[in-house]
Each structure stands twice: as C-alpha cells, then as structure tokens.
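Analysis of the macromolecular model
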There are 2 protein chains.
Amino acid sequence: MAQPVNFGPLAHQPAYRLVSEKIRHAIISGDIEAGELLPTETDLAEQFGVTRSTVREAIRLLEHVGILGRADRKRLVVTRPGTEAIGRSVSAAMLMHRVTFEELWQVAMGLEPLAGKLACLSATDAEKQLLADNLVRTREVMADHDALLEVEIEFHNLVAEATHNNALLLARAPLNELFYPAWGAVIRALSPGERILVAHQHVYDAICAGDQEKAEEWMEKHMRDFRRGIEMGNLGFEQPVQG
Amino acid sequence: MAQPVNFGPLAHQPAYRLVSEKIRHAIISGDIEAGELLPTETDLAEQFGVTRSTVREAIRLLEHVGILGRADRKRLVVTRPGTEAIGRSVSAAMLMHRVTFEELWQVAMGLEPLAGKLACLSATDAEKQLLADNLVRTREVMADHDALLEVEIEFHNLVAEATHNNALLLARAPLNELFYPAWGAVIRALSPGERILVAHQHVYDAICAGDQEKAEEWMEKHMRDFRRGIEMGNLGFEQPVQG
DNA sequence: ATTGACATATTGTCGGACAATATGTCAGCA
DNA sequence: TGCTGACATATTGTCCGACAATATGTCAAT
C-alpha cells in the first residue's frame, strides 16, 4: 500500500525570528566580537528590509539571553552572557520543573568538589589571597547570619573562579541562585559557622598545597554537611526549591 | 568631612522590561501554570496600559529563554523551558566565552559519571529497556559513523533521563550541543565503535544491577576514552570548541 | 456527519509619529 | 588655550493606526 504522502508542516518562520537568527549567528560565529556596537535599529531595518518594529522584536529575543545588552542605555552592544544572565535563565527553568533540593544537591555534589579539585591546579596567588581574605572575614562575621551567608557564597564562587574554567562557572551558575535562600535558612536554623569555617579552611589549605584529593574530599564533606543541615532543619530536602 | 551625597543613577527601566518582568514573575511564582494560555496581546496591552508593540517586545524577551512559546502558531502558551532551549542559551554563552574542549570535558567528567551513578538508583524497567534497545542498535550501526554518533548521544541522554533528575538534565544540556561535532570528529577519525559499545554495555549492566560504583567507573573510563580520542585525532583539546 | 461558505479573532508586519535623551558642533568667554 | 553653554542631530522608547494571513467558530446545505 502506497504511504499517503506526508507533507511536514511547512515551517514559515516569522520575520523577527529570521532576523534574530541572523544576528545571533553573526555573533556566535564570531563575525561580530563581544564588545562591538551593533548598527542602529534603523540601519538594521534597512539592511534586512523590514521595519524597525520587527528589528526591535528580534533584538529583544536575544537580549534576555544575555547576548545583547545596552552600552549606555542607547547603543546596542554585543555582550558575553555572564554567570548572572545564565544563572537567571537556568534557575528559572529549574524552578518551573519543580526541581527538588535533593536533585539540586546531587548536581552540586558533582560540581563543587570538582571545582575544589581543579582549583588546586590553576589558582593564582592573587586568587589564593582572595580566599585567605574571605576566611578572615568568615571568622569575623561568624555570628552574623546574613553576613555569614554572604561570605559562604563568596567562598564557593572564589573557588569556582580559581578553576579558570568558564564552562564550569556557567554550569554551576544556577546553583548559586537557587541554593541561596536554602543556605540562608540552614545558617539561621543551625548557626553552623564553626563547621563552615573548618571546611573552608581545609579546602583553602588543600588548594594552596595543590592537594587535589584533599580539596575534593573536603568540598564533599562540606556539601554533605549542607545536606544534613537542610534535613535537620526540616527544610524539606525532597521539596521543590523555592524561588 | 561629609561625604558628598552619591546619587546612584536612577534606574528608569523601559516599559517593555517592566511588563516582561511582571509576566515572568507571574509565571515562575506559579500564578500561571505551565501549559496555560496567556491573554491575547491586545488584552495584555489593555491590562498593562501600554500599546501592543510594547507588549510584543516584552513577550519576545521571554520567548527565547523558553518560558513562553506558541501553542498553534497563534495563542501564546506558558511552557517549561526544556533541555533544548536551555542547551541553546548556555552553549551559546560557552561559545562566546571561548570555552575549550578541556574545560568542557572537565565538566562532563563531573556530570556524566554522576548520571551513571544516579541512574542505578532510579532507572525504571522501561528505561532499562530503552537502553537495551539502544545497545542493539549500536551493534548494528557500528560501521556507520553518522548513525553511530546518533546512538552514542542517545545513550548518554537516556542514562541522564533515567536519573529522573531535572536539575542534572538541565545542567548537562549544553554538553550535548557542544560535544556533538567533536564526538562526530572522533568517531570519523578513529572508528571507535567497539570501544564505545563495550563501555556502554558495562554501564548498562551496572545500571541493571544497581551497581553505582561500576556505573560511575565505566562512565569515567568512557569519557577518558573520548578525551584520548580528541587528543589522538589532533582535534585540539586545548582549542575553543566550535559552534 | 461532512462539507463549504462566511464572519471573527489574533498574530505578524508595516508605516509614521513624537518625546526623551545622548552626542556632536560651534560660538563665546575667562 | 581651555572651558561653558546653546543648539542641531541621532537614537531609542513608546504610541497609534492599518492591513494581510491565518486559525476558530457558526451555520446552512448536502
């Protein structure tokens, strides 16, 4: 029996998407470097043969992803999406998927110890110094829950940055965003300042000594502590994270 | 001396951003469920007290991130950003950051073995069956480079899905996108069909047996093979990945 | 129940308009 | 010279109104 011909739906992309794709392609293919200014909307409209409104919609499409930004609230500029932009999108996606703490924690268990390990190989003296400063401040604010949360988050970010691995930085971007409130709750509930400091100290020592195993191991311990904190504080380890 | 008052630049957000934020907030806070239809553009324009053009720009802002999509090329619908949408944004970001294979591989070494391990705990019979089917097909197409690439990628996706961990799925989304071409190059250069099959087989066995350590270990071996493939094929392990 | 004709709703695109604001130019003045 | 202020210009944000293409709903005819 002859298969009835199956015409796939002919994909008539709206113009604003085509324009958006063209610009996007020009950007990620490197034709336009990050930091370069884009032509004005009117120019683009002429070049593509569409109206300014259409160009504007195309631009908006790229704006929230972080590929395009504004230089001085006027001219459009090509930007590298930073961890903030990526963190926003991905964590929004995770929220909508009702990701639980457990799921998130499992990912963190894959990435944070890795960050510790890699930092041993690539941390510069300046970065080690930043970590040392962070430790000092941790000791100072141990009693202040809010401040402790700040330095705690900062420590992890510093370690991640010390890896000089942009892929890792981007991959763990959403963790920051989503763990923030939970971590704060744990700190308020259990005042684990001392334990945090000890773990951080060991990680720092390991990084300075270039001891990958130790860094990995202590990051892991640290994360397990965090998990236990959520469980003990009855914060709902199996519950979806809250925005 | 009295500090001269420092007026921060007053942040006058353009209207389309405000509208976008309102909608975005309504979505991720759960006021609008995924799958629900949004009011029409004209309605939204009235509700917000702006013109349709402005609403449209606001919508575009959310569209590319994946939280808004079209139901039937007409009505707007709230969607959960899937791995494709996230993969696109994040991999674009990674491309612009000139992420190298090495960086990417390091992240994959954090996530893929983890996926193998977790899949041991949560893979359903149906998912195991899918993996089995994949293995059969792998054996069949071992000589065909393109087809081999397909099943190889599929295998990793199946394992990841078997974890039932959405956070993990989203975090590894960009890897798929970016490794794809490289993996293909490795396959074409070295025809490693046999090695791939062996590794997959062991991972599959481990998942069926619930043997976390073995699954993790073989995923790791598999990834190391991949790394060696890139190095041996002179594909530039320290080079930025190509879009 | 299916088909076809027709009105309606909604999106995609266009064109033009104007206010607010940043940029560039140039004369005037210490 | 070097700074200031006035003015024209360019660019973006926002609005309005319009129209074509297409999907949806209704209703009569078969």
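This structure is a prediction, so every number in the text was calculated from the model and none was measured. (Residues numbered from 1 in each chain as written. Chains lettered and ligands numbered in written order. Predicted model: local features only at pLDDT ≥ 70, side-chain atom pairs only at ≥ 80, totals over all residues. Heavy atoms only, no water.)

Concerning the relation of the copies chain B and chain A
What counts is decided by this rule: Least-squares fitting of one copy onto the other uses the C-alpha atoms of those residues that reach a pLDDT of at least 70 in both copies. By definition in these notes, contact holds between two residues if any of their heavy atoms fall within 4.5 Å.
Placing chain B over chain A gives an RMSD of 0.1 Å and needs a rotation angle of 180°, together with 0.1 Å of translation along the axis. Such a combination of rotation and displacement between the chain copies is what one expects of a two-fold axis. Residue by residue, 98% of the interface of chain B is reproduced at the interface of chain A, so both copies engage with the same surface.

Quick word on the interface of chain B and chain A
How large an interface is tends to be reported as the accessible area lost when its parts come together. Keep this limit in mind: The term buried area refers to how much accessible surface (probe radius 1.4 Å) is lost by two components on association, counted for both of them together. Take a side-chain nitrogen of Lys or Arg and a carboxyl oxygen of Asp or Glu: if they are within 4 Å of each other, that pair is a salt bridge. Two N or O atoms count as a polar contact when they lie within 3.5 Å, although within protein this holds only if one can serve as hydrogen donor and the other as acceptor, and sequence-adjacent residues are included solely when both atoms are side-chain atoms. Only runs of H or I of at least four residues qualify as helices and only runs of E of at least two qualify as strands under DSSP, and these elements are numbered from the N terminus. Three residue categories are used. Nonpolar comprises Ala, Val, Leu, Ile, Met, Phe, Trp, Tyr, Cys and Pro, charged comprises Asp, Glu, Lys and Arg, and polar comprises the others, including Gly.
The interface is formed by 50 residues belonging to chain B together with 51 residues belonging to chain A. For the chain B face of the interface with chain A, the top three residues by lost area are His64(B), Met96(B) and His97(B), together amounting to 15%. Counting across the chain B and chain A interface gives 8 salt bridges. Across the salt bridge formed by Arg17(A) and Glu63(B), the nearest N and O atoms sit 3.2 Å from each other. Between the two partners, chain B and chain A, sit 17 residue pairs in polar contact (both at pLDDT 80 or more). Element by element, the count of residues in the side of chain B that touches chain A is highest for helix α4 (residues 83-96) of chain B, at 9 residues. Partitioning the side of chain B that touches chain A into residue classes produces 27 nonpolar, 10 polar and 13 charged.

As for the packing of helix α4 (residues 83-96) of chain A against helix α1 (residues 15-28) of chain B
To keep things clear, this is the line we draw: A fitted line through C-alpha atoms serves as each axis, taken over the contacting stretch for helices, and the angle formed by two N-to-C directions is quoted from 0 to 180°.
Packing of α4(A) against α1(B) leaves a shortest axis separation of 10 Å and a crossing angle of 35°. Where α4(A) abuts α1(B), its residues Arg88(A), Ala92(A) and Met96(A) lie against Arg24(B), Ile27(B) and Ile28(B). Its residues placed into classes, the contact of α4(A) with α1(B) shows 4 nonpolar, no polar and 2 charged.

Considering the side chain of Glu103(A)
Here is the rule we go by: Each residue's exposure class comes from its accessible area (1.4 Å probe, protein chains only) as a fraction of the maximum for that residue type: buried when under 20%, exposed when over 50%, partly exposed otherwise. Only four residue types enter the tally: Lys and Arg on the positive side, Asp and Glu on the negative side; His and the chain ends are excluded.
The topology assignment puts Glu103(A) in helix α5 (residues 101-122). For the buried Glu103(A), no salt bridge exists, and the shortest N-O distance to an oppositely charged side chain is 10 Å, to Arg98(A). Reaching out from Glu103(A), the side chain makes a polar contact with the backbone nitrogen of Thr100(A) at a distance of 2.9 Å. The contacts of Glu103(A), once residues within four sequence positions are left out, are Arg98(A), His164(B), Asn165(B), Asn166(B) and Ala167(B).

What to know about unusual backbone geometry
Unusually for a residue other than glycine, His164(A) sits at a positive phi of about 55°. Position of His164(A) relative to the elements: it lies in the loop between α7 (145-162) and α8 (166-171). A relative accessible area of 43% means that His164(A) is categorised as partly exposed. Non-glycine residue Arg98(B) carries a positive phi angle of around 55°. When you line up the elements, Arg98(B) lands in the loop between α4 and α5 (101-122). Looking at Arg98(B), the relative accessible area reads 41%, which means it is partly exposed.

Observations concerning the domain arrangement of chain A
The condition that has to hold: Domain segmentation is taken from an automatic or database assignment of domains.
For chain A, the assigned domains are domain 1 (15-78) and domain 2 (84-232). Centre-to-centre separation of domain 1 of chain A and domain 2 of chain A, based on C-alpha positions: 36 Å.

Digging into the state of the cysteines
Two cysteines joined by a covalent bond between their sulfur atoms form a disulfide. Residues and elements named next belong to chain A. To keep things clear, this is the line we draw: Put simply, a disulfide is two cysteine sulfurs that come within 2.5 Å.
One pass over the full model with this rule turns up 0 disulfides over all chains. Left unpaired, Cys120 is separated from the closest cysteine sulfur, that of Cys208, by 9.1 Å. On the basis of relative accessibility, which here comes to 12%, the residue Cys120 falls in the buried class.

Description of helix α10 (residues 193-209) of chain B
All names here are of chain B. Just so we agree on the cut-off: Residue count minus one, scaled by 1.5 Å, sets the expected span of a helix.
For α10, with 17 residues, the first-to-last C-alpha span of 24 Å sits near the 24 Å given by 1.5 Å per residue. Those residues of α10 that fall on the buried side of the exposure criterion are Gly193, Ile196, Leu197, Ala199, His200, Val203, Tyr204, Ala206 and Ile207. Where the residues of α10 are buried, they touch α5, α6 (125-141), α7 (145-162), α9 (173-190) and α11 (212-232). Of the residues one or two after α10, Gly210 is the one with positive phi, at around 70°.

Side note on helix α2 (residues 41-48) of chain B
Residues and elements named next belong to chain B. Spelled out, the test is: As used here, the arc is the angular range of directions from the helix axis to the C-beta atoms.
By the burial criterion, the buried members of α2 are Glu41, Leu44 and Ala45. Projected down its long axis, α2 carries its buried residues within an arc of 100°, all on one side. Along α2, exposed side chains directed more than 90 degrees from the buried face belong to Glu46 and Gln47. The secondary structure elements touched by the buried residues of α2 are α3 (52-63). One or two residues past the end of α2 sits Gly49, with phi positive at roughly 70°.

What about the packing of α5(A) against helix α11 (residues 212-232) of chain A?
All names here are of chain A. The cut-off we apply is this: For classification, angles of less than 35 degrees are called roughly parallel, those exceeding 145 degrees roughly antiparallel, those between 65 and 115 degrees roughly perpendicular, and all remaining angles oblique. By convention, the crossing between two helices is left-handed when the near helix turns anticlockwise from the far helix through less than a right angle, and right-handed when the turn is clockwise.
Two elements in contact, α5 and α11, have axes whose closest approach is 8 Å; the angle formed by their N-to-C orientations is 155°. One finds that α5 runs roughly antiparallel with respect to α11. Relative to α11, the crossing made by α5 is right-handed. Contacts between α5 and α11 involve Phe101, Glu102, Trp105, Ala108, Met109, Glu112, Pro113, Gly116, Lys117, Cys120 and Leu121 from the former and Gln212, Ala215, Glu216, Met219, Glu220, Met223, Arg224, Phe226, Arg227 and Ile230 from the latter. Among the residues making up the contact of α5 with α11, the classes are represented as 12 nonpolar, 2 polar and 7 charged.

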